[in-house]
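# Examining the three-dimensional arrangement
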Amino acid sequence: MRYLFVSCYYELKRILRNRLSLLLLLGLPLLLIFLIGNGLQLADAKVRTVVYLADDGPLAASVRSYLEEQERLSVHYADSAAGVEQQMNRQNADYGVMIPAGFSRSVLAGESVQWTFYPGQLSTRNMTAEAVLSGYLDTLKQQLVLSSTALSGQATALPHNEGSTEGVRIATLASNASELGTLSTLQYYSAAYMIMFLFYSSMGTIFRLLQERDQRTLHRLAAMPSPLGAVVAGKALGMLLFAAFQAVIVVLASHYLYGVDWGGDSLRLGVVIVLTIASAVALAVVVASLSKSAKTAETLYTLLVVVMTFVSGGMIADVGLLAAAGPFTINYWSSGSIRMLMSGDAAGAADMLGGLACITGVLLVLAFWRMRKVVSLT
Amino acid sequence: MNSIIIAWMMVRRTIGKPKGVLLYIILPVIVISVIIGLFHPEPSIKQVILLNNDKGELGQQLSASLGGLEGIELAAGADLTAEQLRALVESGKADAGIIVPEDYTASLYARQAEPLQLLRAKEELWNVSLAVKLEAQDGMLRKLAAAAAAQGSAERDATVRGWLEEIQGSGIGYVKEQSGQVLDVTIMVIGMMLLFVMLLANQSILTVVQDREQRTMQRMFTAPVGAGEIALGNFLGSVLLGTMQQVLILLTTRYLLGFDIGVSLPRMLLVMECFLLSAVGIATAVAAVVKNISNFGYVNNLVVSPTCILGGCFWPVALMPEFMQKLSGFTPQRWAIIALEESIRGATVYELALPLGILLLFAFVLLGFGATVLQPAREASR
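Report follows, based on the coordinates. Because the structure is a prediction, the values reported are computed rather than measured.

This part takes up the pattern of salt bridges. It is possible for side chains bearing opposite charge to pair when their charged atoms get close. Residues and elements named next belong to chain B. Within the structure shown, the criterion is met by 11 salt bridges over all chains. In this structure, Arg13 and Asp211 form a salt bridge, with 3.0 Å as the shortest nitrogen-oxygen distance. Taken as a pair, Arg13 in helix α1 (residues 2–15) and Asp211 in helix α8 (residues 184–213) lie far apart in primary sequence, 198 residues in all. Look at Arg13 and you get partly exposed, because its relative accessible area is 44%.

Our next topic: the interface of chain B and chain A. Taken together, the 74 residues of chain B in the interface contact 78 residues of chain A. Taken over both partners, the interface formed by chain B and chain A buries close to 6,900 Å², and the fraction arising from carbon and sulfur atoms is 64%. The largest per-residue losses of area from chain B upon contact with chain A belong to Ile172(B), Tyr174(B) and Leu319(B), which jointly make up 10% of the total buried on that side. For the interface between chain B and chain A, the tally reads 1 salt bridge.

We now examine the packing of helix α2 (residues 19–39) of chain A against helix α7 (residues 185–201) of chain A. Residues and elements named next belong to chain A. The interhelical angle for the contact between α2 and α7, taken along N-to-C directions, is 155°, at an axis separation of 9 Å. Viewed along their axes, α2 and α7 adopt a mutual orientation that is roughly antiparallel. Our pair here, α2 against α7, has a crossing hand that is right-handed. When α2 is examined against α7, the residues Leu24, Leu25, Leu28, Pro29, Leu32, Ile33, Ile36, Gly37 and Asn38 are found in contact with a partner set consisting of Thr185, Leu186, Tyr189, Ser190, Tyr193, Phe197, Tyr200 and Ser201. The residue makeup of the contact of α2 with α7, split by class, is 12 nonpolar, 5 polar and no charged.

Ordered by their spatial adjacency, 5 strands build an open sheet running β2(A)-β1(A)-β3(A)-β4(A)-β5(B), and the pairing between neighbours is mixed. Only two strands of the sheet have a single partner each, and these edge strands are β2 (73–77) of chain A together with β5 (172–176) of chain B. When the angles between neighbouring strand axes are averaged without regard to direction, this sheet yields 25°. Where strand β1 (residues 47–53) of chain A lies against strand β3 (residues 95–99) of chain A, 5 bridges are found, and the strand directions are parallel. The residue of β3(A) that forms the bridge with Tyr52(A) is Met98(A). Contacts from helix α4 (residues 81–89) of chain A reach β1, β2, β3 and β4 (113–119) of chain A, with the element oriented near 165° to β1(A).

Before going further, it helps to spend a moment on the pairing of strand β3 (residues 96–100) of chain B. Residues and elements named next belong to chain B. Within β3, 5 of the 5 residues are buried, which leaves it mostly tucked inside the rest of the structure. Because side chains alternate across β3, one face comprises the buried residues Ala96, Ile98 and Val100, and the other comprises Gly97 and Ile99, equally buried. As paired strands, strand β1 (residues 46–52) and β3 are joined by 5 bridges and run parallel to one another. In the sheet register, Asn52 faces β3, and the bridge partner there is Val100. Bridge analysis of β3 against strand β4 (residues 116–120) gives 4 bridges, and the strand direction is antiparallel.

Definitions and cut-offs
Residues numbered from 1 in each chain as written. Chains lettered and ligands numbered in written order. Predicted model: local features only at pLDDT ≥ 70, side-chain atom pairs only at ≥ 80, totals over all residues. Heavy atoms only, no water. Salt bridge = Lys/Arg side-chain N within 4 Å of Asp/Glu carboxyl O. Helix = DSSP H or I, 4+ residues; strand = E, 2+ residues; numbered from the N terminus. Buried < 20%, exposed > 50% of the residue type's maximum accessible area, 1.4 Å probe, protein only. Contact = heavy atoms within 4.5 Å. Buried area = accessible area lost by both parts, 1.4 Å probe. Axes fitted to C-alpha atoms, helices over the stretch in contact; angles between N-to-C directions. Parallel < 35°, antiparallel > 145°, perpendicular 65-115°, else oblique. Left-handed = near helix turned anticlockwise from the far one by under 90°. Nonpolar A, V, L, I, M, F, W, Y, C, P; charged D, E, K, R; others polar. Pairing = 2+ DSSP bridges.

Pasting the structure below:
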C-alpha cells in the first residue's frame, strides 16, 4: 500500500511540475469555453440593421417609429447610401436598407418607389430582416388601398405595430425546442469541452509507461522490491487524481467566472466525471496496447478524441448525418448526461448515465485484459 | 543554390515519411472533404407543407402570398389530415407545416379570431422569419376582410381580391442589392486551410529548433554557407511545404469534389503565402519564448486554437458579440479571411492592399521578434 502512495505522490508531483502542461490542461479548456460559449450566441441575437433614411416627407416619422418598435432588429442610422455599404462591407451590420429621398412624395402621389435592401453575410438574419422590413411596405400598401376606397375614412393612417393579433398560433413539436435544448451555448460547450479535456489529462501516464518500457526504466522499477503492479497502479492513481482536480477546477471556475449553471446535482455530476475519467484511462490503455511507441499512441488517441468530440456534437451542435454515429462515442453519453443534469431532467440523466456506465464497464474489462501487454517487460 | 538544398531537406524531413504525408497532406484533404460533404450544398431549401382546409377564398389568397419566399419550398398538402401533417413535421420529413382552419374566411369577415397554425419541429431562425411573414399576411387579410365585411357575401370576396391585386400591382416595393454573399461552408473550408497552414508552419519551425538544439545548425554554419543562405533556406522550405499543401487541397476540392471556393488559384496562393509568412512569424515568435523544446507543441496548442476561433476560422465573425469581433482584428487569420472574402466578391489585387499589408506587417514584426531562433549558439534552457 505504501508503494502505491509513494508512486502516486511522485506521479502527481511530476504532473504538477510541468507548468506549461498545467496551463494547457487547466487554462485552455476555460479559454475555449469562454471563446466558444460567447462567440456562438445564436439565441436572442438581434439583427443589426443599418438604415439610411433619405426621405424627409410625412412617412419618415412612421418608418422610424415602426423600426423602433421592432424587437428583432437593432437599428442604427447612416447618413448616406455609401455609409450603409461601408458598414455592410466592414460587417458592422447584418443588414442594410436605403430609403430613397422623395419616398413619401412618391407614395402619396401613387407613383412607384423602391427601397434598396443590402443583404449581409448570414442568410438566417437576412430572412428575418427582410420579413420585418417588407412588413412595413405591405402594411403601407394595404392602408393605401383601404384609404383610397375611403371605407376607413382616414387617409393619414400610417403603418405601425399593433399588439399581437393572435393571428398565428405556433406549435413547437420537438421536446428539445432549439438546437441546444434549453441550455445556453455556454453551458453546452462547457460540458463538451470539459469532457474533451478530461480525455487529454487521462492519457499521459499510460503513454509514458510505453516510453518507460522502451527506455528500460520500467525494468528498473520492476527490479525494486516493490511489486510492479503497485507502482503502476500508483502512477495511474496520481493521474486520476489530477484529472478529477482538473474537472473540479473547470466546473468551479466556469461557474464562478462565467456563471455557468451545472445543475444542482453535484453528486451525479461527480459520478459522470469519474466514469468519464475511468473510460478515458481504459481507452488509453487499449490504444497503448495496440501501438508500438508512445508517440504513435498519443497521436492515435488525440485523433480519436477529436473525432469523438466532433461526432458527438461537441464542436458543432448540428453535425447532420454524422449524428447517427454519436451514440458510438463516449462523449455522447457523458456530455449528454451532463446536459440532462444541467436542464434538470433527472430521468434522462439516469438513462444517459446507465449508457455511460455500460461503456465504461466494457472498456475497463478490455483494459484489464490488455494492460499486461502495455507493461510487458519482454 | 545552397538555400534550395536546405529548403528541400526541410521538405523531406517534414513530409518525407508516410506519417508526415498522412498528417500534413492527407489529413487536411480528408477533413476539408468531410466538411464539404457535410455542409454543402447550402443553404438548404426548407420544405413547408400548407394544409388549406378553408372553405372560403381567403385561405387560397394566403397561400398564394406565401409563395416565392427565399429558401422555402411551399407544397400543398391537400390530402393530408392535421394529424398526418403533425407526424410529418415531428419526424422531420417536413420542416414546417401551416394549417389554415376550416372557417378561416368566415371568421375573417366576422372579425373573429380563428388562428392559423404553424407547426415546427424546433425553433430556428428561418421559421421565426416564416412566422413573421405569416403574421403579416394574416394581419393584412384580416384588415382587408374587416373593411369589406359590410358588403354582401357575393361581392366581398371580389372586393378583397381586387384590393389584393391592387396591392400587388402597386409600385411600392424593394430591390435587393446583390452583395456577393459568401457561403458559410466556404468560410469553414478557408478556415480549415488556414488552420492546417499554421500547423504545418509550426512543424517546419520545429525542425529548425531541433537543428539548433541538436547542434546540427552549428555544423551547418561551419560549412561554406552564409547565415543569410541558411535563414533563406529554412524560410523557403516552409513556403514550399505550405504551397504544396495548398495546391493539393485546392486541386482535390475543385476537381474531385467539384467544390468551387470562388477564388482563382493564383489569388488563393497569393493570400495564403502572405498568411503563411505571418504563421511562420507566429511559430518563430513562440519558439523564441519557449523554454523547453518539448513544450513547443503545447504552446502552439495554446496559440493556434484560440486565435483560429477568434479569427473566424470555424464560423463567421458576424455571429460573435461585439468585443470579440474587435479582438478578431488582432489575428492574422481574420485578415486572410477578409482578403479571400473580398476576392470572392470580385476585388482586384490592388483592393487587397490593406488586408495583405497587415498580414505582411504581422509577419515582419513577429519574424523580427523570433529571429533569435536562428542563432546557432542560443540554447533553450532546460
